[in-house]
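# Structural overview for review
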Amino acid sequence: MSAFHEYMQLTKPRIVALLVFCAVIGMFLAVPGLPHWQALVFGTLGIWLASSSAAAFNQLIDQRIDKVMVRTAHRPLATGHLNPRQVFVFALALGVASMLVLVLLVNTLTAVLTFAGLIGYAVIYTAFLKRASPQNIVIGGLAGAIPPVLGWTAVTGALHPYALQLCLIIFVWTPPHFWALAIFRRDDYSRAQVPMLPVTHGVVFTRWHILFYTVLLVLVTLLPALTGMSGLVYLGGAAVLGGAFLYYAVRLLNPPDELYAMKVFNYSIVYLMALFAFLLADHWLVSPLLQPAVSSAAVG
């Protein structure tokens, strides 16, 4: 395996791709037409670099538990293909590069919020919350929910309640998404002594919590339509997607097999991507694609 591939593995490319996707959707939702090209290009680059840095720091801090978990035993630090010093330098370089890009080519607010998200995930969640409480995913979920806010501020230079709604959706989506995986991988987490909810409170308790959070998620996803951020196209899509998520969550209470938790986990990823795609489709149907971007889409 090439060194390039090993370093790419440090960045958790599939997870980061989902985060950046949500950030980019936030950019397009922030203005009536197309975002300013500089904000779009360099905002995306800066957020991608910061997310990749956080992922690498996460693996550096988690190297002990990664070695004993089947799901993570293939990671470069766990296999010994990279050493801690190499990972630290790589993660730090990505983090510094992201801040330079965002401060110099986007805006300071986005840089500050991105840095807060990086610290929240790489340090507060990974180093402390993950090992401290079975509610680690709930408490630490804000760091993973911030990308659409970053995308929004990248093109407008300001926070907006609509951006916070997007953040809330991902924040509430995170527990049922991750707990489904945790149910399937509970033996891994138990062996690594990580107090995930299925380990500390059992699978049945976790299944009910997934259902409760899924109901809450469906209600939260109505907010964009209720507040005028989006219209009927989004509302219809959210209703169908939410109904399917509820079906999965209810069936998880008495699943047909052990693999069903992973089906819920996989659907949750498709759900989030499709939900944000409906937001964008609705936005462009209501606001013509070629309408000039508003003046607040300044970069600097």
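Just so you know, these numbers come straight off a predicted model, no measurement behind them. (Residues numbered from 1 in each chain as written. Predicted model: local features only at pLDDT ≥ 70, side-chain atom pairs only at ≥ 80, totals over all residues. Heavy atoms only, no water.)

What follows concerns the overall build of the protein. Across its full length, the protein holds 17 helices and zero strands. Taking 300 residues into account, the globule formula puts the C-alpha radius of gyration at 19 Å, and the protein, at 19 Å, falls close to it. Taking the principal axes of its C-alpha atoms as reference, the protein extends roughly 55 × 45 × 30 Å. Out of the 300 residues in the protein, the part that is buried amounts to 51%. Excluding contacts between residues fewer than 6 apart, the proportion of contacts in the protein whose partners are at least 24 apart in sequence is 76%. Accessible surface computed for the protein: about 13100 Å², of which carbon and sulfur atoms make up 72%. (Helix = DSSP H or I, 4+ residues; strand = E, 2+ residues; numbered from the N terminus. Rg over C-alpha atoms; globule rule 2.2 N^0.38 Å. Buried < 20%, exposed > 50% of the residue type's maximum accessible area, 1.4 Å probe, protein only. Contact = heavy atoms within 4.5 Å. Areas by Shrake-Rupley, 256 points an atom, 1.4 Å probe, with all protein chains shown as cover.)

Within the secondary structure, Leu223 sits in helix α15 (residues 223-226). A residue is classified by how much of its surface remains accessible, and Leu223, at 28% relative accessible area, is partly exposed. When the C-alpha positions of Leu223 and Leu168 are compared, they lie 9.8 Å apart, and in sequence the two are 55 residues distant.

This next bit is on the nonpolar core. In terms of nonpolar packing, the biggest core is built from 74 residues, with Trp173, Met196, Tyr271 and Phe276 touching the most fellow members. If you tally residues by element for this core, the top one is helix α11 (residues 161-184), at 13 residues. Setting aside residues no more than four positions away along its own chain, Trp173 makes contact with Leu18, Leu217, Phe245, Ser268, Ile269, Tyr271 and Leu272. Leu10, Ala56, Val87 and Leu118 belong to the second-largest nonpolar core, a separate cluster that totals twelve residues. (Core = buried A, V, L, I, M, F, W, Y, C linked by side-chain atoms within 4.5 Å.)

Let us look at the side chain of Lys130. Relative to the elements of secondary structure, Lys130 occurs in helix α7 (residues 108-132). Here Lys130 falls in the buried class, since its relative accessible area comes to 8%. In this structure the side chain of Lys130 is engaged in a polar contact, spanning 2.6 Å, whose partner is the side chain of Asp62. Apart from residues no more than four positions distant in its own chain, Lys130 is found in contact with Asp62, Ile65, Tyr125, Asn136, Val194, Pro195 and Met196. (Polar contact = N/O pair within 3.5 Å; in protein donor to acceptor, adjacent residues only side chain to side chain.)

Further remarks concern the side chain of Thr221. With respect to the helices and strands, Thr221 occurs in the loop between α14 (203-220) and α15. For Thr221, the residues in contact, after removing those within four places along its chain, are Ile169, Tyr234, Ala238, Tyr271 and Leu275.

Attention now goes to the pattern of salt bridges. Counted under the stated rule, the structure contains five salt bridges. Lys130 is the partner of Asp62 in a salt bridge, and the nearest nitrogen-oxygen pair spans 2.6 Å. On the criterion of sequence distance, the pair formed by Asp62 in the loop between α3 (37-61) and α4 (63-68) and Lys130 in helix α7 is long-range, its members being 68 residues apart. A single network of salt bridges, built from pairs that share partners, joins Asp62, Lys130 and Arg131. (Salt bridge = Lys/Arg side-chain N within 4 Å of Asp/Glu carboxyl O.)

Using the criterion set out here, one finds 15 aromatic pairs in the structure. Between Tyr247 and Tyr248 the ring centres are 6.0 Å apart and the planes differ by 75 degrees, which places this aromatic pair in the edge-to-face class. A connected cluster of aromatic rings, assembled from ring pairs, spans Phe245, Tyr247, Tyr248, Tyr260, Tyr267 and Tyr271. (Phe/Tyr/Trp six-rings, centres within 6.5 Å; stacked < 30°, edge-to-face > 60°.)

Attention now moves to the confidence of the model for the protein. As a note on interpretation, predicted positions should not be read in detail where pLDDT is low. Mean pLDDT over the protein stands at 91; residues scoring 70 or higher make up 95%. Every residue in residues 289-300 scores below 50 in pLDDT, and together they form 25 contacts with partners more than four places removed in sequence or on other chains. (pLDDT = per-residue confidence, 0-100.)

A bend of about 55 degrees at Tyr125 is the largest found in α7. Within α7, the full set of buried residues consists of Thr110, Ala111, Leu113, Thr114, Gly117, Leu118, Gly120, Ala122, Tyr125, Thr126, Leu129 and Lys130. Elements in contact with the buried residues of α7: α3, α4, α6 (84-105), α8 (136-139), α9 (141-145) and α10 (147-156). Of the residues flanking the start of α7, the one acting as N-cap is Asn107, its side-chain oxygen 3.4 Å from the backbone nitrogen of Leu109. (Bend = angle between axes of the 7 residues up to and from the residue.)

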